[in-house]
Amino acid sequence: DPTGALTQILTYHVLDESLNADELSAKESVVTLQGQEISVTVTDSGVLLNDTIRISATNIEASNGIVHVIDTVLIPELAPSIPEIVSSNPDLSRLNSLLERAGLTDVLAEGEYTLFAPTNSGLAVLAEPIVNLLFRFAPQFLTNVLLNHVAEGRFDAATLLAGETVTTLGGRQISLSTNADGTVGVGNALNTTVVEADIESSNGLVHVIDQVLL
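Just so it is clear, the structure is predicted and the values come from calculations on it, not from any experiment.

Conventions we followed
Residues numbered from 1 in each chain as written. Predicted model: local features only at pLDDT ≥ 70, side-chain atom pairs only at ≥ 80, totals over all residues. Heavy atoms only, no water. Patch = residues over 30% accessible without salt bridge, like charges linked within 9 Å, V, L, I, M, F, W, Y side chains within 5 Å. Areas by Shrake-Rupley, 256 points an atom, 1.4 Å probe, with all protein chains shown as cover. Salt bridge = Lys/Arg side-chain N within 4 Å of Asp/Glu carboxyl O. Lys, Arg positive; Asp, Glu negative; His and termini not counted. Charge placed at Lys NZ, Arg CZ, Asp CG, Glu CD. Helix = DSSP H or I, 4+ residues; strand = E, 2+ residues; numbered from the N terminus. Buried < 20%, exposed > 50% of the residue type's maximum accessible area, 1.4 Å probe, protein only. Contact = heavy atoms within 4.5 Å. Pairing = 2+ DSSP bridges. Axes fitted to C-alpha atoms, helices over the stretch in contact; angles between N-to-C directions. Nonpolar A, V, L, I, M, F, W, Y, C, P; charged D, E, K, R; others polar.

(A) Expanded view of a negative patch on the surface. A cluster of acidic side chains, namely Asp 16, Glu 17, Asp 22 and Glu 23, defines a negative patch on the protein surface. By the element assignment, Asp 22 lies in helix α2 (residues 21–25).

(B) View of helix α4 (residues 93–101). Buried within α4 we find Arg 94, Leu 95, Asn 96, Leu 98 and Leu 99. The secondary structure elements touched by the buried residues of α4 are α3 (82–88), β6 (113–118), α5 (128–137) and α6 (139–147).

(C) Highlighting the side chain of Thr 143. Along the chain, Thr 143 falls in helix α6. The class for Thr 143 is buried, based on a relative accessible area of 13%. Residue contacts for Thr 143: discarding those within four places in its chain leaves Ala 102 and Leu 104.

(D) Local environment of the sheet that holds strand β3 (residues 46–49). Here we have five strands laid out as an open sheet, ordered β1-β2-β3-β4-β5, and antiparallel in their pairing. Looking at which strands have only one partner, the edges of the open sheet turn out to be β1 (29–31) and β5 (65–70). On average, each strand axis in the sheet is inclined to that of its neighbour by 40°, with strand direction left out of account. Of the pairings in the sheet, the one linking β1 to strand β2 (residues 37–43) comprises three bridges and is antiparallel in character. Pairing of Val 30 across the sheet is with Ile 38, part of β2.

(E) Representation of the sheet that holds strand β7 (residues 150–152) in the model. Here four strands make up an open sheet; going across it, the order is β7-β6-β13-β12 and the pairing mixed. Edge positions in the open sheet fall to β7 and β12 (194–201), since each of these has one partner strand only. When the angles between neighbouring strand axes are averaged without regard to direction, this sheet yields 15°. Relative to β7, β6 is paired through three bridges, and the arrangement is antiparallel.

(F) Region of interest: unusual backbone geometry. Of note in the backbone geometry, Asn 50 takes a positive phi value of approximately 50° without being a glycine. The residue Asn 50 is located in the loop between β3 and β4 (53–62) in this model. Owing to a relative accessible area of 26%, Asn 50 belongs among the partly exposed residues under this scheme.

(G) Expanded view of the pairing of β2. Where β1 hands over to β2, the hairpin turn is made up of five residues, of which Gly 35 adopts a positive phi near 110°. The pairing of β2 with β3 spans four bridges and is antiparallel. By the bridge assignment, Thr 43 is partnered in β3 with Gly 46. Once β2 ends, the chain turns through two residues before running back antiparallel as β3.

(H) Inspection of the packing of α5 against α6 at higher detail. Contact geometry of α5 with α6 gives a least axis separation of 5 Å together with a crossing angle of 115°. Seen from α5, the contacting residues are Val 131, Leu 134, Phe 135, Arg 136 and Phe 137; seen from α6, they are Pro 139, Phe 141 and Leu 142. Tallied by class, residues from the contact of α5 with α6 come to seven nonpolar, no polar and one charged.

Below is the structure:
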């Protein structure tokens, strides 16, 4: 997602605090709004960020902070997009195939979404012969099934466990709850649990679940 990548790069240049040159030089590293750190090294020729980026002008006063000019763009380690997370996880290979066949891969690379991603075993109910028939005779039904797993916006597990309910692009409402055994369940989907929560992407979050939401 180009927009998500650009946001990561731009917020990697911003701190949530106002530091003048002396205060910055006294630190070994600082944490950016993007979430990753920038190292600070004082050398005989000036201050370097991440060992190579030189600060060329300092202490430019603004109404809401301080600006320091650097000689090169800082590039963070970019998080993968939602489709890249799905395609790189072997246990989500069936979901990846379905998203590609339904033409939803490009959709999930744009904007900001939360994906509830069913594992291969969770998609077993949609056997390949059934999927082929659905794509042939009822493609919109299968697309809607997939959209039942996608909510617009970023919703982490803590927010959903606190009582937030989200409505997916397919019209289904999803909430999370803590089961008696300590696992996290999808509140309105019988026997569906969260296998892995809060996988960060450049354009949202992925929660891996163990059942398909029909």
